[in-house]
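Breakdown of the fold
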Number of protein chains: 2
Amino acid sequence: MYNLEMGRWQPNARGRLEQAALELYTERGFEQTTVAEIAERTGLTERTFFRYFADKREVLFAGAGSLQELLVSTVAGAPDSVAPIDAVAAALAAAGAVFEERRDYSRRRQGVIAANAALQERELIKLASLASAIAEALRGRGVKEPAASLTAEAGIAVFKIAFERWIDEADRHDLAQLIRDSLDQLKAVIAGP
Amino acid sequence: MYNLEMGRWQPNARGRLEQAALELYTERGFEQTTVAEIAERTGLTERTFFRYFADKREVLFAGAGSLQELLVSTVAGAPDSVAPIDAVAAALAAAGAVFEERRDYSRRRQGVIAANAALQERELIKLASLASAIAEALRGRGVKEPAASLTAEAGIAVFKIAFERWIDEADRHDLAQLIRDSLDQLKAVIAGP
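All values reported here derive from a predicted model rather than from experimental measurement. (Residues numbered from 1 in each chain as written. Chains lettered and ligands numbered in written order. Predicted model: local features only at pLDDT ≥ 70, side-chain atom pairs only at ≥ 80, totals over all residues.)

1. Regarding the overall build of chain A
Our working rule: Labels follow the DSSP assignment, with helices taken as runs of H or I lasting at least four residues and strands as runs of E lasting at least two, numbered in each case from the N terminus. Whether a residue is buried, exposed or partly exposed follows from its count of other C-beta atoms within 10 Å of its own C-beta, namely 20 or more, 12 or fewer, or something in between, respectively; the C-beta atoms are built from the backbone. Here the contact rule is simple: place C-beta atoms from the backbone, and any two residues whose C-beta atoms are within 7 Å are in contact.
Regarding its fold elements, chain A presents 10 helices and 0 strands. Starting at the N terminus, the α and β elements of chain A follow one another as α-α-α-α-α-α-α-α-α-α. Within the span of chain A, comprising 193 residues, buried residues form 36% of the whole. Across chain A, contacts joining residues at least 24 apart in sequence account for 62% of those joining residues at least 6 apart.

2. Concerning the relation of the copies chain A and chain B
Between the two copies of this chain, the relationship is a rotation about some axis together with a displacement along it. Applied cut-off: Least-squares superposition of the copies uses the C-alpha atoms of those residues scoring a pLDDT of at least 70 in each of them.
Once turned by 180° and shifted 0.0 Å along the axis, chain A lies on chain B with an RMSD of 0.0 Å. Between the two chains, the operation in question is that of a two-fold axis. Taking the C-alpha atom as reference, chain A places Ala154 of chain A closest to the rotation axis, 3.1 Å from it.

3. So, the interface of chain A and chain B
Between chain A and chain B, the contact holds 28 residues from the first and 28 residues from the second. Counting residues per element, the ones that place at least two in the side of chain A that touches chain B are helix 6 (84-100), helix 8 (117-140), helix 9 (147-167) and helix 10 (175-191) of chain A. The dominant element in the side of chain A that touches chain B, judged by the number of residues it contributes, is helix 9 of chain A, at 10 residues.

4. Thoughts on helix 8 (residues 117-140) of chain B
Residue and element names in this part refer to chain B. Short version of the rule: Here the expected span of a helix is defined as 1.5 Å times the quantity of residues minus one.
Relative to the 34 Å expected for 24 residues at 1.5 Å per residue, helix 8 spans 35 Å between its end C-alpha atoms, a close match to the ideal helical length. Listing the buried residues of helix 8 in full gives Leu119, Glu123, Leu130, Ala131, Ile134, Ala135, Ala137 and Leu138. In the core, the buried residues of helix 8 are packed alongside helix 5 (64-77), helix 6 (84-100), helix 7 (103-114) and helix 9 (147-167). Downstream of helix 8 by one or two residues, Gly142 has phi in the positive range, about 95°.

5. With respect to helix 10 of chain A
Threshold: Directions pointing from the helix axis toward each C-beta atom define the arc.
Over its 17 residues, helix 10 of chain A extends 24 Å from the first C-alpha to the last, a length consistent with the 24 Å expected when each residue adds 1.5 Å. Considered for burial, the residues of helix 10 of chain A that qualify are Leu175, Leu178, Ile179, Ser182, Leu183, Gln185, Leu186, Val189 and Ile190 of chain A. Mapping the buried residues of helix 10 of chain A onto a view down its axis gives an arc of 165°, with all of them on the same face. Among the exposed residues of helix 10 of chain A, those oriented more than 90 degrees off its buried face are Asp184 and Ala191 of chain A. Looking at the packing, one finds that the buried side of helix 10 of chain A touches helix 6 and helix 9 of chain A together with helix 6, helix 9 and helix 10 (175-191) of chain B. Directly beyond the C-terminal end of helix 10 of chain A, a positive phi value near 80° is found at Gly192 of chain A.

6. Things to note about the nonpolar core
Heads up, the rule is: Here, a nonpolar core denotes buried Ala, Val, Leu, Ile, Met, Phe, Trp, Tyr and Cys residues that are linked to one another through C-beta atoms within 7 Å.
Residues Ile134 and Val158 of chain A together with Ile134 and Val158 of chain B are the most contacted members of the largest nonpolar core, which totals 74 residues. For Ile134 of chain B, the residues in contact, after removing those within four places along its chain, are Leu71, Val72, Val75, Val88, Ala152 and Gly155 of chain B.

7. Looking at the environment of Gln185 of chain B
Mapped onto the secondary structure, Gln185 of chain B falls in helix 10. The class of Gln185 of chain B is buried, set by 20 C-beta atoms lying within 10 Å.

8. Overview of the confidence of the model for chain A
Residues and elements named next belong to chain A. Here is the rule: For every residue, the predictor reports its confidence as pLDDT, a number between 0 and 100.
Here chain A averages 90 in pLDDT, and 93% of its residues register 70 or above. Across residues 1-7 the pLDDT falls below 50, and counting only partners more than four positions away or on other chains, this stretch makes 4 contacts in the model. Listed scores for the predicted complex are pTM 0.87 and ipTM 0.84.

9. Examining the packing of helix 2 (residues 13-28) of chain B against helix 7 of chain B
Residues and elements named next belong to chain B. Condition: The angle between two axes is taken between their N-to-C directions and runs from 0 to 180 degrees, where each axis is a line fitted to C-alpha atoms and a helix contributes only its stretch in contact. These descriptions rest on fixed angle ranges, namely under 35 degrees for roughly parallel, over 145 for roughly antiparallel, 65 to 115 for roughly perpendicular, and the rest for oblique. Left-handed describes a crossing whose near helix is turned anticlockwise from the far helix through less than a right angle; right-handed describes the clockwise counterpart. Note that Gly is not counted as nonpolar here; it falls among the polar residues with everything else outside the nonpolar set of Ala, Val, Leu, Ile, Met, Phe, Trp, Tyr, Cys and Pro and the charged set of Asp, Glu, Lys and Arg.
At a minimum axis separation of 10 Å, helix 2 and helix 7 run at an interaxial angle of 45°. Classed by the angle they form, the pair helix 2 and helix 7 counts as oblique. The hand of the helix 2/helix 7 crossing is left-handed. For the pair helix 2 and helix 7, the contacting residues are Leu22, Tyr25 and Thr26 in the first and Tyr105, Arg108, Arg109, Gly111 and Val112 in the second. Tallied by class, residues from the contact of helix 2 with helix 7 come to 4 nonpolar, 2 polar and 2 charged.

10. Here we look at the environment of Glu153 of chain B
All names here are of chain B. Take Glu153: it is sitting in helix 9. We classify Glu153 as buried; it has 26 C-beta atoms within 10 Å. For the pair Glu153 and Leu130, spaced 23 residues apart in the sequence, the C-alpha separation amounts to 9.1 Å.

Laid out in structure tokens, this is it:
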């Protein structure tokens, strides 16, 4: 059985498992869904599931690694003349464009996370890790502390607030625009009256 | 036994349990310490421990409620003429003064948290809750969204970075000063070149 499946090609098994997991989490709730059910819906085995994901929670955070790579490489790759906050803004805009292509998936994912305290905690950890990675990328550009960490934390705060607005059905702006708006608003509130 | 202890006055049982817990977490590690050992070191019973704390993790977060109350009441109580970011800065300074009186405790507590991933997660959740509470207090002052959330998130970012510098042995500034410095630096990095 194991060898048979290992030898068989599973077209886009990862993506199918992600979609099936999100459907089941939305229909039945995250807690009530088992890995066996996710596998069953895709016609794959549990063994295949665990080849891609550590557990049913991590299906929802599988994109965190590539998001971090995109943010870090954009910050690191900005020309030397670009100010730290503008390098971070460029990275967030690049991330925003990726999310824009997955708006429906992102919205449903956020609904599942909002309904579960443990998933909200995991999301906070993801955001904290992204802030640390951005701060490190800024230090790599020669930005000193605490400026590097403050810029990174401010960037993640802007992203978080913009993302919440973007998820909100009522708001029809695109994410990159909302990120720019949030950064402008942050500048205004920080500068004070 | 239960009745006897319930009837006996335990002077500052909460504070003694907090101190004993922190000593044991520092000496043996958080994971290796049991509630029985914490109780034993104070001469109190496990039953008394659980009268004050839900579990051994919550001993380290027992102050979060009063910290939140202090932040919220300071933001809410600032005169109407005070700008949102300045109301938040005043709240952080008030919190800073409270931490200053417990510098040694705070430093040892941070050492325990830094050594344990689950405690770091709990700390992130605490900070996120504080940001939400501050945002709500700002909305209570008539600040609109997303300005309220952005101001609150920026304030917590400033506090987090200042707190890390304050915990660092090498730095001898007081926390209120570090908070002011961090806010000034945030203004500078956000404004850009």
